[in-house]
Amino acid sequence: MKRLATALLIGAAGFWMTAHSALGSGKPIGVVTSVIPVAYVVEELGGERVEVKALVPPGASPHTFEPVPSDMRRIAGARLFFVIGGGFDAWSDKLLGAAPAGLETVHLIEARNLNPLEGEDDHHGEEHGEEKAGAKEEDHHGEKKAVAKKEEHHDEEKAAAKKEDHHGEEKVAAKEEDHHGEEKATAKKEEDHGEEGEEFNPHFWLDPIRIRDVVVPVIVEHLIEADPAGKAYYQKRREDFHRRLTALDQEIRGELDKAKSRKYIAFHAAWPYFAERYGLEKVAVVQEFGGEEPTPREVANLVRDARAAGVGAILVEPQLNPRVAQTIAAEFGAGTVVVDPVGDPGDPARSSYEKLMRFNTRAFGNALGSKRN
Ligand SMILES: [Zn+2]
């Protein structure tokens, strides 16, 4: 009896939602993301038809985030869960065991045409010119990896051909392309790869063009699937956001073109997509992996490289303790400038995707010696 009543209630609720969303006044569909910037994009596209939450809270680093049981409640009732994938937010898998049956998880890094850049676990060799383009072998914790190097900053279409490792431990990402926008990037997940050494750098959201051309279409497609009655609404918002992202890209380029230098030192390897898009050059990063302190030797190398490159500031981030960076910057008479790869809905300067990217553009401009200072 009780069970029947519940079933009827669910049936009725389902009908109610369908009926109302057809009228455009239904209960918003629940969407969860791992990181804030993706939630910003969902917000732009979903408007009032969508209620979106990011699991990693403001001020926390997604690299060191661990979900707690109460995060389960946050995905209960959600229809869509957008994660970065590729091992970056593998913690999300822990939540899925108890996720509602109707929840669809979307790994954005596997999206068609995303062309993810490789994880950066080799920056010291590269910045010291110890290797040229070509295959390179690395040994992190006994795991050998052959990594095809690619550092062509302006060659966005370049296929990153992944090489097989020699021990069969790596899953391989097969990538093809044909310069006509029909390429496929199939990024395979690597859950078992361990805590460091993500195969792909996860921070693709810091490239507005990848957001516009890859992430936006994927999100809209899933929103329409989950809420077909909102199709026209989502398409309208997509067109509008697409236009604004195009303008944003031009604005960022215009600002950074005024900078005196192209060379930056980041706190962690969050900026290769941004740097590639806008022709910036990474001299070094303080933390090779988010949350990991540099060794004294790495600090010495960094100071040497910063001096050689004439870098005036280290970019620090609100999610990570800036103390080490401040100490290092003081060693070569430089300062620190705050950039934010993640965002914070509570700070009006970083509370939307466009605001966040403008915040970062100003920060880079300052760090690179913007003439408009
Ligand atoms: Zn990061």
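This report concerns the structure included in the present document.

The rules behind each value
Residues numbered from 1 in each chain as written. Predicted model: local features only at pLDDT ≥ 70, side-chain atom pairs only at ≥ 80, totals over all residues. Buried ≥ 20, exposed ≤ 12 C-beta atoms within 10 Å, placed from the backbone. Helix = DSSP H or I, 4+ residues; strand = E, 2+ residues; numbered from the N terminus. Pairing = 2+ DSSP bridges. Right-handed = clockwise from strand over helix to strand, strands pointing away. Core = buried A, V, L, I, M, F, W, Y, C linked by C-beta atoms within 7 Å. Domains from an automatic or database assignment. Contact = placed C-beta atoms within 7 Å. Axes fitted to C-alpha atoms, helices over the stretch in contact; angles between N-to-C directions. Arc of directions from axis to C-beta. Parallel < 35°, antiparallel > 145°, perpendicular 65-115°, else oblique. Left-handed = near helix turned anticlockwise from the far one by under 90°. Nonpolar A, V, L, I, M, F, W, Y, C, P; charged D, E, K, R; others polar.

In terms of burial, strand 10 (residues 281–287) is a largely internal element, 6 of the 7 residues being buried. As defined by bridge partners, strand 9 (residues 263–268) adjoins strand 10 across 5 bridges and the pair is classed as parallel. Across the sheet, Tyr264 pairs through a bridge with Lys282, a residue of strand 10. As a crossover connection, the stretch from strand 9 through helix 8 (residues 272–278) into strand 10 is right-handed.

All right, on to the nonpolar core then. Membership of the largest hydrophobic core comes to 87 residues, with the highest contact counts inside it found for Val41, Val42, Tyr264, Ile314 and Leu315. Ranked by the residues each element gives to this core, the list is headed by helix 6 (residues 208–226), at 8 residues. For this core, the two domains that each supply at least three residues are domain 1 (2–114 + 206–244) and domain 2 (259–367). With residues near it in sequence (within four places) discarded, Ile314 still touches Ile265, Phe267, Val286, Ala325, Ile328, Ala329, Ala334 and Thr336.

Summarising the element assignment, Leu223 is placed in helix 6. Its 27 C-beta neighbours within 10 Å are what place Leu223 among the buried residues. Taking C-alpha positions, Leu223 is 8.6 Å from Leu45, a pair spaced 178 residues apart along the chain. Those residues within four positions of Leu223 in sequence are excluded, and the remaining contacts are Leu45, Gly46, Val50, Gly230 and Tyr234.

It is worth spelling out the sheet that holds strand 3 (residues 80–83) at this point. Spatial ordering of the open sheet is given by 2-1-3-4, a layout of 4 strands whose pairing is parallel. Strands with a single pairing partner mark the edges of an open sheet, and in this sheet they are strand 2 (50–54) and strand 4 (104–107). For this sheet, the mean angle separating the axes of adjacent strands, direction not counted, is 20 degrees. As paired strands, strand 1 (residues 29–33) and strand 3 are joined by 3 bridges and run parallel to one another. The residue bridging Val31 from the neighbouring strand is Leu80, located in strand 3.

Along helix 10 (residues 323–331), the residues that are buried comprise Ala325, Ile328 and Ala329. For helix 10, the buried positions fall inside an angular range of 100 degrees around the axis, keeping them on one side. Turned more than 90 degrees away from the buried face of helix 10 sit Arg323 and Thr327, all of them exposed. Buried residues belonging to helix 10 abut strand 9, strand 10, helix 9 (296–309), strand 11 (313–316) and strand 12 (335–338).

Attention now goes to the packing of helix 2 (residues 36–46) against helix 6. Viewed as axis vectors pointing N to C, helix 2 and helix 6 meet at an angle of 60 degrees, and their least axial separation amounts to 10 Å. With respect to helix 6, the element helix 2 is oriented oblique. In this structure, helix 2 meets helix 6 at a crossing whose hand is right-handed. Here Val41, Val42, Leu45 and Gly46 of helix 2 come into contact with helix 6, specifically with Ile211, Val215, Val216, Ile219, Val220 and Leu223. Class assignment for the residues of the contact of helix 2 with helix 6 results in 9 nonpolar, 1 polar and no charged.

Phi angles above zero are rare outside glycine, and Asn113 is one such case at about 70 degrees. The residue Asn113 is located in the loop between strand 4 and helix 5 (123–127) in this model. Looking at Asn113, the number of C-beta atoms within 10 Å reads 16, which means it is partly exposed. We note that Asn115 has phi near 50 degrees; this positive angle belongs to a residue other than glycine. Position of Asn115 among the secondary structure elements: in the loop between strand 4 and helix 5. By C-beta crowding, Asn115 is classed as buried, having 22 other C-beta atoms within 10 Å.

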